[in-house]
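Take a look at the letters that make up each chain.
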Amino acid sequence: MSKSSGTPVSDEDAGVSASASTDRQAFPRQARVRAKAEFDAVFARGRRIAAPEFVLHLLVDGQAPRLGLAVSRKVDPNAVGRNRIKRVLRDAFRRQRAGLAPAAYVVVARTAAARADNAALRAAFAALLQRAAALPLPASAGTMPAASLPSPSTRRAPGRPDQPAR
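The sections below set out a description of the structure shown in this document. (Residues numbered from 1 in each chain as written. Predicted model: local features only at pLDDT ≥ 70, side-chain atom pairs only at ≥ 80, totals over all residues. Heavy atoms only, no water.)

### Thoughts on the sheet that holds strand β1 (residues 47-50)
Then, in step 1: Taken together, the 4 strands give an open sheet; going across it, the order is β1-β2-β4-β3, and neighbouring strands pair in mixed fashion. Each edge of the open sheet carries a strand with a single partner, namely β1 and β3 (66-70). The average angle at which neighbouring strand axes cross in this sheet is 20°, direction not considered.
Then, in step 2: Note that β1 and strand β2 (residues 54-59) share 4 bridges and pair antiparallel. Considered in β2, the bridge of Ile49 is made with Leu56.
Then, in step 3: Its contacts with the sheet put helix α3 (residues 79-96) on β2, β3 and β4 (104-109), and the angle it makes with β3 is roughly 165°.
Then, in step 4: Strands β1, β2 and β4 of the sheet are contacted by helix α5 (residues 118-131), whose axis makes an angle of about 35° with β2. (Pairing = 2+ DSSP bridges. Helix = DSSP H or I, 4+ residues; strand = E, 2+ residues; numbered from the N terminus. Axes fitted to C-alpha atoms, helices over the stretch in contact; angles between N-to-C directions. Contact = heavy atoms within 4.5 Å.)

See below:
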């Protein structure tokens, strides 16, 4: 069986579409920063948030969330590695796009991104978005109960020692 028929060749290919048109429908042109002028505007007027793997440039402009990527040969000399980083970032952006603030997001990869696995890349990107206040912070389910004020009967008067007087 061939890949062009759209049927999986192996179990590893199952669930992976061979059609490029479905990918474009999920990540339309309106969701991309493409023109040099757009990149320049984001770099010149946007906020910059850095992490070891990426630098996020964010320009709040009221338009729908858009993503621009810059992964140079300095990050990874192999095209396969650079494309993996871009693919993971596009997928993470696509999944979070509905919850993002309207802005232009340009991600510049650093050399640490080439050494990170896909899960680490996604986590680093999500952390940057949260630091930029573009994504809401995750609700903490924590194990500690919410803090409450002590009842009036257990409150101590100011200046009163913790132990009873003798």
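### Section: α3
Then, in step 1: Between the first and last C-alpha of α3 there are 26 Å, a value that for 18 residues agrees with the 26 Å anticipated at 1.5 Å per step.
Then, in step 2: Of all the residues in α3, the buried ones are Gly81, Arg82, Arg84, Ile85, Val88, Leu89, Asp91, Ala92 and Phe93.
Then, in step 3: For α3, the elements touching its buried residues are β2, β3, β4, α4 (111-115) and α5. (Expected span 1.5 Å × (residues − 1). Buried < 20%, exposed > 50% of the residue type's maximum accessible area, 1.4 Å probe, protein only.)

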